[in-house]
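# Summary of the model geometry
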Amino acid sequence: MAIAVADEGGKVDLNMASPELIQALTRGVHPNAQVGASMARKILNLREAALASQSVKGIASPFAAAFKTVLELDQLTEGDQNLFHRLKALTTVHSRSQGFDPLVAPMELVRLASPGGRMVSRHDDRTGLPTAFTADSQGRAFLISTEVMTANGTRFARDALVEFSPEKPVGHNIREWRDGFLRIIEQVAGNLSPC
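Residues numbered from 1 in each chain as written. Predicted model: local features only at pLDDT ≥ 70, side-chain atom pairs only at ≥ 80, totals over all residues. Heavy atoms only, no water.

## Considering the overall build of the protein
Scanning the protein from terminus to terminus reveals 5 helices and 6 strands. The order of helices and strands in the protein, counted from the N terminus, is β-β-α-α-α-β-α-β-β-β-α. When burial is assessed residue by residue, the protein has 41% of its 195 residues classed as buried. Summarising the internal contacts of the protein: among those between residues at least 6 apart in sequence, 57% fall at separations of at least 24. (Helix = DSSP H or I, 4+ residues; strand = E, 2+ residues; numbered from the N terminus. Buried < 20%, exposed > 50% of the residue type's maximum accessible area, 1.4 Å probe, protein only. Contact = heavy atoms within 4.5 Å.)

Now the structure itself:
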């Protein structure tokens, strides 16, 4: 069994991130610059449409929730599963932040957001990134990924997006259940004993 926990504050919020951060992300995740630029336009157009729709309904909010889940990116990637999985791993709709926290972000995101795509270390991550791209994590939402491999080789993966709230009596809400993506055990399979 393998468990991974990712702080959603270390990802790009599709509903809140600045257009420049969305463009830096999408430019970097696809080798074809036109595909990345097209993806950024689609995301930003959906956000504008959601904002206009909420305005018509009399909802006053500076940011509209165009995306309820990052799984909706699948509709924008036009069947490119590699692009979808890369974006899914680097994005969220739960941080409610215009930037991401490089101290808890995937290193791929830190590299993509840094000028010229150069890799920066965790020790000097903020100095290598545009300040508009960074924000401290609220430590509120986490993606918990579990993956199990049985003795006969059967594998199962499930993800839960959990948001913690001090105002709630239980203290947390499960925002999403997702079919997991088999990835962890492949990296460490040689080091695991069978269940």
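## Let's talk about the packing of helix 1 (residues 19–29) against helix 3 (residues 81–90)
Two measures define how a pair of helices packs: the angle their axes make with one another and the distance between the axes. One can describe the packing of helix 1 onto helix 3 by two numbers: an axis separation of 10 Å at closest approach and a directional angle of 140 degrees. With respect to helix 3, the axis of helix 1 lies oblique. Along this stretch, helix 1 crosses helix 3, giving a crossing that reads as right-handed. Facing helix 1, whose interface residues are Leu 25, Thr 26, Gly 28 and Val 29, helix 3 presents Leu 83, Arg 86, Leu 87 and Leu 90. By residue class, the composition of the contact of helix 1 with helix 3 is 5 nonpolar, 2 polar and 1 charged. (Axes fitted to C-alpha atoms, helices over the stretch in contact; angles between N-to-C directions. Parallel < 35°, antiparallel > 145°, perpendicular 65-115°, else oblique. Left-handed = near helix turned anticlockwise from the far one by under 90°. Nonpolar A, V, L, I, M, F, W, Y, C, P; charged D, E, K, R; others polar.)

These results come straight from atomic positions and should not be treated as a statement about function.
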